[in-house]
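Topology and contacts: notes
The lines below spell out each chain.
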Amino acid sequence: MSSTLSAVAAVPAAPSAQALAHFEQAFGFETDCWDVHDAFSRGVEDFVLLDVRSHELYDRGHVPGATSLPHGKITEGKMAAYPMDTLFVVYCAGPHCNGAHRGAIRLAKLGRPVKLMIGGLTGWIDEGFEVESGEPTAD
């Protein structure tokens, strides 16, 4: 049996109190596909879901109920249509894409509440949820 530690164990886990704080704080920054789907399926729409990919990718397939707004087009002018306390949930293609982070940064810089839907469209599909296609509204 080897006495060499794995890469997993080579760096010790954080103390439990720090781990608890870290993981509890994560919910202030992100949500997941299941929670978004659950809210929409119950008709609870206390947030706006933004697909921050290009309009072309949105048209090919997106989460039902999502609004198409590419991250580069998130501006104060576009956000003026929403009350300042509107919670936005952003997503992009999936874990291999940082578009949702870019969108979240833009919204945060505008003083808007924002969370990231972890997994993005890939996570949505992995959960077995329906995807719809169609033209986004013009921006």
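Each chain has its residues counted from 1, following the order in which its sequence is written. A pLDDT threshold of at least 70 governs which residues receive local features in this predicted model, and a stricter bar of 80 or more applies before side-chain atom pairs are shown or counted, although totals over entire chains, interfaces and linings include all residues. Water and hydrogen atoms play no part in the side-chain values, which are based on all heavy atoms of the structure.

Each helix is a run of DSSP H or I of at least 4 residues and each strand a run of E of at least 2, with the numbering of both proceeding from the N terminus. Within the protein chain, the secondary structure is distributed over 7 helices and 5 strands. The order of helices and strands in the protein chain, counted from the N terminus, is α-α-β-α-β-α-β-α-β-α-β-α. Summarising its shape, the C-alpha atoms of the protein chain cover approximately 60 × 30 × 30 Å along the three principal directions. Pairs of residues are marked as contacts when any of their non-hydrogen atoms sit within 4.5 Å. The long-range share in the protein chain, meaning contacts at least 24 apart out of those at least 6 apart in sequence, stands at 73%. Of the accessible surface of the protein chain, which amounts to about 8,600 Å², a share of 58% is contributed by carbon and sulfur atoms. Across the protein chain, the mean location of the 10 positive side-chain charges is 10 Å away from that of the 18 negative side-chain charges. Here the open area of atoms and residues is found with the Shrake-Rupley method and a 1.4 Å probe, where only the protein chains shown may cover a residue. For the purpose of counting charges, residues Lys and Arg are taken to be positive, whereas Asp and Glu are taken to be negative. His and the chain ends are not included. To locate a charge, take atom NZ for lysine, CZ for arginine, CG for aspartate or CD for glutamate.

To continue, consider the nonpolar core. The nonpolar core is taken to be a set of buried Ala, Val, Leu, Ile, Met, Phe, Trp, Tyr and Cys residues, with the residues joined through side-chain atoms within 4.5 Å. The classification of residues rests on relative accessible area computed with a 1.4 Å probe and restricted to protein chains. Under 20% of the type maximum is buried, over 50% is exposed, and intermediate values are partly exposed. Core analysis: the largest hydrophobic core is formed by 15 residues, its most contacted members being Val-36, Phe-47, Leu-49, Val-63, Tyr-91, Met-117 and Trp-124. Those elements that provide at least two residues to this core are helix H3 (33-41), strand S4 (88-91) and helix H7 (120-126). Top element by residues in this core is H3. It accounts for 4 residues. Membership of the second largest hydrophobic core comes to 14 residues, among which are Val-48, Phe-88, Cys-92 and Leu-116.

Salt bridges are identified by distance alone: a Lys or Arg side-chain nitrogen within 4 Å of an Asp or Glu carboxyl oxygen. One pass over the structure, following the stated rule, counts 3 salt bridges. As a salt-bridge pair, Asp-51 and Arg-53 come within 2.7 Å of each other at their nearest N and O atoms. For the salt bridge of Arg-112 with Glu-76, the shortest nitrogen-to-oxygen distance reads 3.8 Å. Taken together, the residues span a long stretch of sequence, with Arg-112 in the loop between helix H6 (99-109) and strand S5 (114-118) and Glu-76 in helix H5 (residues 76-79) at a distance of 36 residues.

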